[in-house]
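These are the residues of each chain, in order.
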Amino acid sequence: LDAVNAAAAAMLSSIPWKEQPDLPTWLNKALDRFWPHLSAALVLKIRDKADSEIRNHLPDWIEGHVKIDRLSFGTIGPRILRVHVDDTFPEAAGLRIAVDVEVEGGIDVSASIGPFSFGIDKLKASGEIVLEMGPMVGELPVATEIKLYFLDSPDIDFTFSGLAKAAEFPPMRYAVRAAIHNALASRLVM
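Residues numbered from 1 in each chain as written. Predicted model: local features only at pLDDT ≥ 70, side-chain atom pairs only at ≥ 80, totals over all residues. Heavy atoms only, no water.

**Student:** How should the overall build of the protein chain be read in this particular structure?
**Tutor:** Of regular secondary structure, the protein chain possesses 3 helices and 7 strands. Each helix and strand of the protein chain, ordered N terminal to C terminal, gives the series α-α-β-β-β-β-β-β-β-α. Burial analysis of the protein chain (190 residues in total) assigns 33% to the buried set. When contacts within the protein chain are restricted to residue pairs at least 6 apart in sequence, long-range pairs at least 24 apart make up 63% of them. Summed over its atoms, the accessible surface of the protein chain is roughly 11600 Å², and 62% of this surface lies on carbon and sulfur atoms. (Helix = DSSP H or I, 4+ residues; strand = E, 2+ residues; numbered from the N terminus. Buried < 20%, exposed > 50% of the residue type's maximum accessible area, 1.4 Å probe, protein only. Contact = heavy atoms within 4.5 Å. Areas by Shrake-Rupley, 256 points an atom, 1.4 Å probe, with all protein chains shown as cover.)

**Student:** Is there a simple way to explain the pairing of strand β4 (residues 108-113) in this structure?
**Tutor:** Side chains on a regular strand alternate between the two faces of the sheet. With 6 bridges joining them, strand β1 (residues 66-72) and β4 adopt antiparallel strand pairing. Of the residues in β4, the one forming a bridge with Val 66 is Ile 113. The sheet contact formed by β4 and strand β5 (residues 116-133) spans 5 bridges and is antiparallel. From the neighbouring strand, Ser 110 faces β5, where its bridge partner is Gly 119. Between the end of β4 and the start of β5, which pair antiparallel, lie 2 residues, with Gly 114 showing a positive phi angle near 60°. (Pairing = 2+ DSSP bridges.)

**Student:** Quick question: what am I supposed to make of the pattern of salt bridges here?
**Tutor:** Side chains that differ in charge, positive against negative, can pair when their charged atoms come close. Applying the stated criterion to the full structure yields 7 salt bridges. Residues Glu 128 and Arg 82 are paired through a salt bridge, measuring 3.5 Å at the closest nitrogen-oxygen approach. Pair noted here: Glu 128 is in strand β5 and Arg 82 is in strand β2 (residues 79-85), with a separation of 46 residues, a long-range link. On the basis of relative accessible area, Glu 128 is assigned to the partly exposed category, the value being 23%. The residue Lys 147 makes a salt bridge to Glu 145 at a minimum N-O spacing of 3.4 Å. (Salt bridge = Lys/Arg side-chain N within 4 Å of Asp/Glu carboxyl O.)

**Student:** Hey, could you run me through the environment of Leu 58 in this one?
**Tutor:** Mapped onto the elements of the fold, Leu 58 is located in the loop between α2 (23-56) and β1. Of the residues examined, Leu 58 reaches a relative accessible area of 8% and is grouped as buried. Expressed as a C-alpha distance, the spacing of Leu 58 and Val 176, which sit 118 residues apart in the sequence, is 6.9 Å.

**Student:** Which parts of the structure should I look at to understand the side chain of Ser 39?
**Tutor:** Within the fold, Ser 39 resides in helix α2. Residue classification places Ser 39 among the buried residues on the basis of a relative accessible area of 5%. Those residues in contact with Ser 39 that sit more than four places away from it in its chain are Phe 73 and Gly 74.

Structure follows, in structure tokens:
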């Protein structure tokens, strides 16, 4: 069994991902077909959690008054820029793949503070997502564990729409952006 595990890990590690310039192209095509379904599933999974996480990271004077009314990740998914197999990851631990991604546009977030509605648009985000699989075993499902996370906090930039343009006022801008960054970091960064 150990020989099978070692052979599977060696085979997966030896795939020349970084030597295939067309890899991001075909992965992006596949992601385009997959994205509408993944986007809908993500909205269902994180809507309530995101609502409470963002509210919990806001300053006391606004905490508890913000509600997410609408959340959509749109029909255009992230773009894969680079895929790299981490050769330094211990073979016994499995396989680590780093993927540089970029998202631009496609988000529709509408929230409210009491009777006032606001939104976020023109999202741009980029970062390195890490996929860890392992340890590997000689039986299905081969990888005993799968982890997906950002190595560091992703770079995120967005603009507000509607009444949220008032949030461009420096103290409000800082508070809202810090709450979003903290909520993401607490859930997505390892």
